[in-house]
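Survey of secondary and tertiary structure
For reference, the chains in residue letters:
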Amino acid sequence: MTVHACITGSPVSYSRSPLLHGYWLKAYGIDGDYGREEVPPAQAAEFYRSLAARGYAGCNVTAPNKEIAFSVLDEADENAAALGSANTLWLEDGRLCGTSTDGYGFIANLDASVPGWDGARRLALVLGAGGASRAIVHALVQRGFERVVLANRTLERAEIIATAFGKKVVPLAFDKASEVMADADILVNCTSLGMKGGAALTVDLSRLRPEAVVSDIVYVPLLTPLLTAAAARGLRTVDGLGMLLHQGVPGFERWFGVRPEVTAELREVLIADLRASGQLAA
Ligand code: ATR
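Now for a description of the structure that goes with this document.

Cut-off values and rules
- Each chain has its residues counted from 1, running along the sequence as written.
- Per-residue local features of the predicted model are confined to residues with pLDDT of at least 70, and side-chain atom pairs are confined, for both listing and counting, to 80 or more; whole-chain, interface and lining totals are unaffected and use all residues.
- Here the side-chain values reflect all heavy atoms present in the structure, with hydrogen atoms and water set aside.
- Whether two aromatic rings pair depends on their centres lying within 6.5 Å, for rings of Phe, Tyr and Trp, where Trp uses its six-membered ring; planes under 30 degrees apart make the pair stacked, over 60 edge-to-face, and the rest tilted.
- Partly exposed residues are those whose accessible area sits between 20% and 50% of the maximum for their type, while under 20% is buried and over 50% is exposed, using a 1.4 Å probe and protein chains only.
- For the purposes of this entry, the term helix denotes a DSSP run of H or I that reaches at least four residues, the term strand denotes a run of E that reaches at least two, and both are numbered from the N terminus.
- Between the first and last residue of a helix there are one fewer steps than residues, each counted as 1.5 Å, and that sum is the expected span.
- Put simply, a nonpolar core is a bunch of buried Ala, Val, Leu, Ile, Met, Phe, Trp, Tyr and Cys residues held in one set by side-chain atoms that sit within 4.5 Å of each other.
- Pairs of residues are marked as contacts when any of their non-hydrogen atoms sit within 4.5 Å.
- Here a salt bridge means any side-chain nitrogen of Lys or Arg lying within 4 Å of a carboxyl oxygen belonging to Asp or Glu.
- Only C-alpha atoms enter the line fits that serve as axes; for helices the fit covers just the stretch in contact. Angles between N-to-C directions range over 0 to 180 degrees.
- Should an angle lie under 35 degrees it is considered roughly parallel, over 145 roughly antiparallel, and from 65 to 115 roughly perpendicular; all remaining angles are considered oblique.
- Crossing handedness is read from the near helix: turned anticlockwise from the far helix by less than a right angle, it gives a left-handed crossing, and turned clockwise, a right-handed one.
- Here the term charged refers only to Asp, Glu, Lys and Arg, the term nonpolar to Ala, Val, Leu, Ile, Met, Phe, Trp, Tyr, Cys and Pro, and the term polar to all other amino acids, Gly among them.
- Pairing between strands is defined by DSSP: at least two bridges between the two strands are required.
- Residue proximity to a molecule or strand is established when one non-hydrogen atom of the residue lies within 4 Å of it.
- Counted as a polar contact is a pair of N or O atoms within 3.5 Å, where, for protein atoms, one must be capable of donating a hydrogen and the other of accepting one, and residues adjacent in sequence contribute only when both atoms are in side chains.
- Shrake-Rupley sampling with a 1.4 Å probe provides the accessible areas, and residues are treated as covered by the protein chains on show and by no other component.

**Considerations on the packing of aromatic side chains**
Under the counting rule described, the total for this entry stands at eight aromatic pairs. Taken together, a centroid distance of 6.4 Å and an interplanar angle of 40° make the contact between Phe47 and Tyr56 tilted. Taking 6.1 Å as the distance between ring centres and 85° as the angle between the ring planes, the aromatic pair formed by Trp255 and Phe256 counts as edge-to-face. For the residue pair Trp255 and Phe256, the accessibility class agrees, reading buried in each case.

Structure (structure tokens):
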């Protein structure tokens, strides 16, 4: 019997998840499909509660429904519970279960792209305090970083995340980020700065040590001004597309029973699609 899954949210038209999961379904010869469901927040709770009746084995959840999805779960795993949001849902004996795979995707991408990136685990500097930042801060603490400094323009948002995850997370004003730069093993941009058509992220990287890794969750463009500046200094860089690919792995395995691989070819398929749609320069 064909297994059905989908991406849900509003809007979902831009989502690359159908391309990602469609690629894996074909690659592994699985009798399944992965579609799109436009689910406005007002209908979200009802939609997720009736997932089984709609014929789905599970789904992904994107903005703005991740918190609503979490609130209707019968069972939230530790990640979802820590974040209060879920991006991957599945059914187990009729019970709606959920997790958040953003943090997993972030870490798995670093593990794959820059082996040994977390050798020291002393200090991670995270810029931005939105939903993605929350997941990444949590993942960095879980990975064993002694300190995660969270710098945000609105200090209060950084303080809220720090309060949720304990003393290892230290909130900081955005314009003070350079003060901890010299101690950072990794710098992560979780702000929207650097996105195509928007303002660039301009931070002074001169104090970063040569072993530091610079990572950006923005993937349009692939080479953000931040990553370009980091590469120019000879630092190791990790772009945001890999996180998108890796965050899909746990869901695919849940629904379709095969743990899929993130390959260079898959990455090229996504890049080609982003180029064809005009988002990435040819
Ligand atoms: P997400 O998609 O991860 O949930 P978001 O909630 O839209 O993200 O948050 C975007 C992040 O980019 C925030 O940390 C925001 O800072 P504020 O909390 O102060 O709004 C940050 N950001 C956006 N524009 C910025 C700018 N011009 N300078 C500094 N930070 C900026």
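That was the structure; now back to the text.
**Things to note about helix H6 (residues 131-142)**
Taking 1.5 Å of rise per residue, the twelve residues of H6 would be expected to cover 16 Å, and the 17 Å separating its terminal C-alpha atoms lies within 8% of that figure. With its phi angle positive at about 105°, Gly144 sits one or two positions after the end of H6.

**A word on the nonpolar core**
Residues Phe106, Trp117, Leu140, Val148 and Ile186 are the most contacted members of the largest nonpolar core, which totals 30 residues. Where this core is concerned, the elements lending two or more residues are helix H5 (102-113), strand S7 (123-127), H6, strand S8 (147-152), helix H7 (155-165) and strand S10 (186-189). Per-element tally for this core: the top contributor is H6, with six residues. Those residues in contact with Val148 that lie beyond four places of it in its chain are Ala124, Val126, Val137, Leu140, Val141, Lys168, Val169 and Val170. Judged by nonpolar contacts, the second largest core, of 25 residues, contains Leu20, Ile30, Leu245 and Leu280.

**A short note on the pattern of salt bridges**
Within this structure, the stated rule accounts for 13 salt bridges. Residue Lys66 is joined to Asp102 by a salt bridge in which the shortest nitrogen-to-oxygen separation is 3.0 Å. Of this pair, Lys66 sits in helix H3 (residues 66-71) while Asp102 sits in helix H5, and the two are 36 residues apart along the sequence. Exposure remark for Lys66: the relative accessible area of 22% places this residue in the partly exposed category. The residue Glu92 makes a salt bridge to Arg254 at a minimum N-O spacing of 3.6 Å.

**Side note on the packing of helix H1 (residues 17-27) against helix H10 (residues 249-256)**
It is at 11 Å that the axes of H1 and H10 come closest, and there the two elements cross at 50°. In this view, H1 runs oblique relative to H10, as classed from their interaxial angle. Considering only the axes of H1 and H10, their crossing is right-handed. Along its contact with H1, which presents His21, Trp24 and Leu25, the element H10 presents Val249, Phe252, Trp255 and Phe256. Residues that form the contact of H1 with H10 fall into these classes: six nonpolar, one polar and no charged.

**What to know about the sheet that holds strand S5 (residues 88-92)**
The strand order S2-S1-S3-S5-S6-S4 describes an open sheet built from six strands, whose pairing is mixed. This sheet does not close on itself; its edge strands, each paired only once, are strand S2 (32-38) and strand S4 (75-76). Across five bridges, the pairing between S5 and strand S6 (residues 95-99) is antiparallel. What sits directly across from Thr88, in S6, is Thr99. Contacts from H1 reach strand S1 (3-9), S2 and strand S3 (58-61), with the element oriented near 170° to S2.

**Re H1**
Three or more residues of H1 are buried, namely Ser17, Pro18, Leu20, His21, Tyr23, Trp24 and Leu25. Buried residues along H1 sit against S1, S2, S3, helix H9 (241-247), H10 and helix H11 (264-276). Following H1 by one or two positions, Gly29 has its phi on the positive side, about 60°.

**Brief notes about the site of the ligand**
Neighbouring residues of the ligand: 13 residues in total, closest Ala129, Gly131, Asn152, Arg153 and Thr154. Measuring from an oxygen atom of the ligand, one finds a backbone N or O atom of Gly131 at 2.7 Å. Arg153 is positioned such that a nitrogen or oxygen atom in its side chain is 2.8 Å from an oxygen atom of the ligand. In isolation the ligand has 650 Å² of accessible area, and contact with the protein removes 67% of it. Of the residues that constitute the shell around the ligand, the class distribution is four nonpolar, seven polar and two charged.

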